[in-house]
Every structure is written in C-alpha cells, then in structure tokens.
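# Fold and contact review
Chain by chain, the residues:
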Amino acid sequence: MKCSDLLKQLNEYLDGEIDAQTKSELDDHLHWCKDCYVVCDTTKKTIEIYRHNEVYVLPDEIRLKLETAITTKCRAHKAKSTT
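Residues numbered from 1 in each chain as written. Predicted model: local features only at pLDDT ≥ 70, side-chain atom pairs only at ≥ 80, totals over all residues. Heavy atoms only, no water.

So, on to the layout of surface pockets. Of the voids in this model, the largest pocket is the one considered here, and its volume is about 1100 Å³. Among the elements of the structure, helix 1 (3–8), helix 4 (34–51) and helix 5 (60–81) are those that each provide at least two residues to the lining of the largest pocket. A per-element tally of the lining of the largest pocket places helix 4 first, with 10 residues. Within the lining of the largest pocket, the residues separate by chemical class into 14 nonpolar, 5 polar and 6 charged. (1 Å grid on protein atoms, 1.4 Å probe; cavity = no way out; pocket = protein on both sides within 12 Å on 5 of 7 lines; lining within 4 Å. Points joined across faces, edges and corners; volume = space filled by probe spheres on them. Helix = DSSP H or I, 4+ residues; strand = E, 2+ residues; numbered from the N terminus. Nonpolar A, V, L, I, M, F, W, Y, C, P; charged D, E, K, R; others polar.)

Viewed as axis vectors pointing N to C, helix 3 (residues 20–32) and helix 4 meet at an angle of 110 degrees, and their least axial separation amounts to 5 Å. By the angle class used here, helix 3 and helix 4 are roughly perpendicular. For the pair helix 3 and helix 4, the crossing hand works out as left-handed. Taken together, the residues of helix 4 that come into contact with helix 3 (itself represented by His29, Leu30 and Trp32) are Lys34, Cys36, Tyr37 and Cys40. The residue makeup of the contact of helix 3 with helix 4, split by class, is 5 nonpolar, 1 polar and 1 charged. (Axes fitted to C-alpha atoms, helices over the stretch in contact; angles between N-to-C directions. Parallel < 35°, antiparallel > 145°, perpendicular 65-115°, else oblique. Left-handed = near helix turned anticlockwise from the far one by under 90°. Contact = heavy atoms within 4.5 Å.)

Functional significance is not addressed by these values, which are geometric in nature.
Dropping the structure here:
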C-alpha cells in the first residue's frame with residue numbers, strides 16, 4: 001500500500017466504514033510509515049476537538065511554526081510528485 005492509497009481512504013478508515021482486509025492493510029502501513037501515522041493521528045485528534053467543540057488557541061509562535069512546516073511539506077510533496 002502506498003501513502004496515496006492511505007490518504008484516499010483516510011475518511012472511511014477514521015469513520016470505521018472500511019472492510020477488515022483494507023483496515024488491516026492500512027493499520028500495517030500506519031505501523032511503519034511515520035508520515036502517514038502523523039497525518040492520521042492529527043486528523044483523528046482534530047476531529048475529536050471539533051466533535052467536542054473544544055477550542056484550543058495556539059500561541060502565535062507555535063501556530064507560525066506549524067503553518068510553515070505544513071506549507072514546506074506540501075511544497076516538497078508537490079515538487080516530488082511533479083518530477
């Protein structure tokens with residue numbers, strides 16, 4: 001399974017609406033792929049925060065670091081996928 005496969009099925013995975021075989025493959029991928037694990041875990045936590053209407057304001061310094069890291073990662077991924 002490739003990272004792109006996991007990302008395509010992430011919503012169904014997190015909602016528990018995926019067959020047992022595919023879930024097993026996704027679990028295996030998440031076990032060894034640190035990048036996908038972080039995406040999945042962060043998405044899951046974000047859903048939990050919004051589900052419970054919890055508001056967590058990031059300090060400006062952390063928000064800027066996070067925003068920069070996400071932008072850098074997205075640009076690198078985009079550059080890698082176009083080559």
